[in-house]
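# Coordinate analysis (summary)
Take a look at the letters that make up each chain.
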Amino acid sequence: MIVAESKPFKEIYELVKDFSRVCVIGCGDCVTVCHTGGQKQVEELALKLRIAAKRDGRKLEVKEETVLRQCEQEYVEPIVNYINDYDAVVSIACGVGVQTLAEKYTPSRVLPGLNTTFMGAPVEPGLFLERCAGCGDCVLDRTGGFCPVSRCSKSLMNGPCGGSMGGKCEVAEDVPCVWNQIYVQLDKQQTMHYMDDISPPKNWSVSTGSKPRKLEIKHLQMEKE
Ligand code: SF4
Ligand code: SF4
């Protein structure tokens, strides 16, 4: 899932300072799971905006909306009927949702209410940890299912650095060294030979930062034609 955290309220309030009618739009998927962009958070943010505006003697009308999935055009279709009646939209979906709205509903201003942070998993109530960096060339088959790209602070691909101590990463006490976890896992799975193999230089040209990436499913594209 995509994990996103709320922008500070002060920053969001500043973003809407020039507008008198705004619509706060949430998403019913990942950001609902991480309690930052679901219906409840839409209600809370809308209320805080109204209270702050009232305190400052500003006229601010705030509409509330939550769609099932803000990253898909079909799901944001229903808001077409009224969205351009508002000066701005505050999207509390991930950056994909924000952009879906922005591309579809020009000239409405679409403003981000969240900071999208990583792809991760809930590991205990209220705790989400990064698990994948979308590198485009997965190596989990050789690492016991632990990702060295997103879970090693240096994204090392051939074993730990010299800072790995007692199973902890040198960057912080609460960060496990993933190469220690990989070692333990490979030992359990009796596939320790992967530890001895030297991984060739990773193909970073398929990772983020190379060019905007895409996925084409040919048979679906043909159906569309
Ligand atoms: S190796 Fe790459 S694709 Fe696989 S989990 Fe790690 S970042 Fe994601
Ligand atoms: S201590 Fe482990 S997790 Fe931390 S940077 Fe070194 S190899 Fe990576």
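Starting from 1, residues in each chain are numbered consecutively following that chain's sequence as written. Here chains are named by letter from A upward and ligands by number from 1 upward, in the order in which they appear as written. For this predicted model, a pLDDT threshold of at least 70 governs which residues receive local features, and a threshold of 80 or more governs which side-chain atom pairs are given and counted, while totals over whole chains, interfaces and linings are taken from all residues.

## Observations regarding the overall build of the protein chain
Note the following rule: Strands are runs of DSSP state E lasting at least 2 residues, helices are runs of H or I lasting at least 4, and numbering of each runs from the N terminus. This radius of gyration counts C-alpha atoms alone. The globule rule is 2.2 Å times how many residues there are, raised to the power 0.38. Residues with at least 20 other C-beta atoms within 10 Å of their own are called buried, those with 12 or fewer are called exposed, and the rest are partly exposed. The C-beta atoms themselves are positioned from the backbone. Throughout, a pair of residues is in contact if the C-beta atoms placed from their backbones lie within 7 Å.
Looking only at helices and strands, the protein chain has 9 helices and 7 strands in total. Scaling as 2.2 N^0.38, a compact globule of 225 residues should have a C-alpha radius of gyration of about 17 Å, whereas the protein chain reaches 22 Å, well beyond that. Based on the C-alpha atoms only, the size of the protein chain along its principal axes is roughly 65 × 50 × 25 Å. Out of the 225 residues in the protein chain, the part that is buried amounts to 28%. Across the protein chain, every contact between residues at least 6 apart in sequence was considered, and the portion connecting residues at least 24 apart equals 55%.

## Some details on the site of ligand 1
How we decide: Here, nearness is defined through the C-beta atom: a residue counts as near a molecule or strand if that backbone-placed atom lies within 6 Å of it. Gly is placed with the polar residues, together with every amino acid not listed as nonpolar (Ala, Val, Leu, Ile, Met, Phe, Trp, Tyr, Cys and Pro) or charged (Asp, Glu, Lys and Arg).
Inspection of the region around ligand 1 gives C132, A133, G134, C135, C138, V139, L140, C147, V149 and S150 as its neighbouring residues. A breakdown of the residues in the shell around ligand 1 according to their chemical character gives 8 nonpolar, 2 polar and no charged.

## With respect to the site of ligand 2
Of all residues adjacent to ligand 2, which total 14 residues, the nearest are C152, P160, C161, C169 and C177. For the shell around ligand 2, the per-class residue count stands at 9 nonpolar, 3 polar and 2 charged.

## Brief notes about the domain arrangement of the protein chain
What counts here: By convention here, the domain bounds are inherited from an automatic or database domain assignment.
With domains assigned, the protein chain is organised as domain 1 (2-118) and domain 2 (133-206). Using C-alpha coordinates to define each centre, domain 1 is positioned 38 Å away from domain 2.

## Description of the sheet that holds strand β3 (residues 61-67)
How we decide: Two strands pair under a simple rule: DSSP has to find at least two bridges between them. The convention used is that axes are lines fitted to C-alpha atoms, helices contributing only their stretch in contact, and that angles between N-to-C directions extend from 0 to 180 degrees.
Spatially, β3-β2-β4-β5 is the arrangement adopted by the 4 strands of the open sheet, whose pairing is parallel. With partners counted over all chains shown, the strands left at the sheet margins are β3 and β5 (109-112), one partner each. On average, each strand axis in the sheet is inclined to that of its neighbour by 25°, with strand direction left out of account. Of the strand pairs in this sheet, strand β2 (residues 21-27) and β3 are connected by 7 bridges, and their pairing is parallel. From the neighbouring strand, I25 faces β3, where its bridge partner is E65.

## Structural notes on the environment of C27
Mapping C27 onto the fold places it in strand β2. Residue C27 is classed as buried on the basis of its 33 C-beta neighbours within 10 Å. Sequence spacing of C27 and Q39 is 12 residues, and the spatial spacing of their C-alpha atoms is 7.4 Å. With near-sequence residues (within four places) excluded, C27 lies in contact with T32, G37, T66, V67, R69, Q70, A93 and G97.

## Thoughts on the sheet that holds strand β6 (residues 114-124)
Taking strand neighbours across the sheet as the criterion, the 3 strands line up as β1-β6-β7 in an open arrangement whose pairing is antiparallel. Where the open sheet ends on each side, the last strands, each with one partner, are β1 (2-6) and β7 (127-132). With direction set aside, neighbouring strand axes in the sheet form an average angle of 70°. Note: β6 against β7, 5 bridges, orientation antiparallel.

## Let's talk about the nonpolar core
Definition in use: Only buried residues count toward a nonpolar core: Ala, Val, Leu, Ile, Met, Phe, Trp, Tyr and Cys, linked into one set through C-beta atoms within 7 Å.
Counting residues in hydrophobic clusters, the biggest one holds 33 residues, and the most contacted among them are V22, V24, V31, V89, V90 and I92. When contributions to this core are tallied by element, the ones reaching two or more residues are β1, β2, α2 (30-33), α3 (39-55), β3, β4 (88-91), α5 (95-104) and β5. V90 has contacts with I12, V16, V22, V24, L111 and G113, leaving out every residue within four places of it along the chain. Residues F146, C177, V178 and Y183 belong to the second largest nonpolar core, which totals 10 residues.

## Quick word on α3
Put simply, the rule is: Working rule for helices: expected span equals 1.5 Å times residues minus one. Of all possible arcs, the one meant is that of the directions from the helix axis to the C-beta atoms.
The end-to-end C-alpha distance of α3, which contains 17 residues, comes to 24 Å, matching closely the 24 Å that a straight helix rising 1.5 Å per residue would cover. Among the residues of α3, Q41, V42, L45 and L49 are the ones counted as buried. For α3, the arc enclosing every buried residue in end-on projection is 105°, short of the 170-degree limit, so these residues lie on one face. Turned more than 90 degrees away from the buried face of α3, the exposed residues are K40, I51, K54 and R55. If you follow the buried residues of α3, they end up packed against α1 (9-15), β2 and β3.

## Describing the pairing of β6
In this sheet, β6 lies alongside β1 in antiparallel orientation, the contact comprising 5 bridges. Within the sheet, the bridge partner assigned to S6 lies in β6 and is L114.

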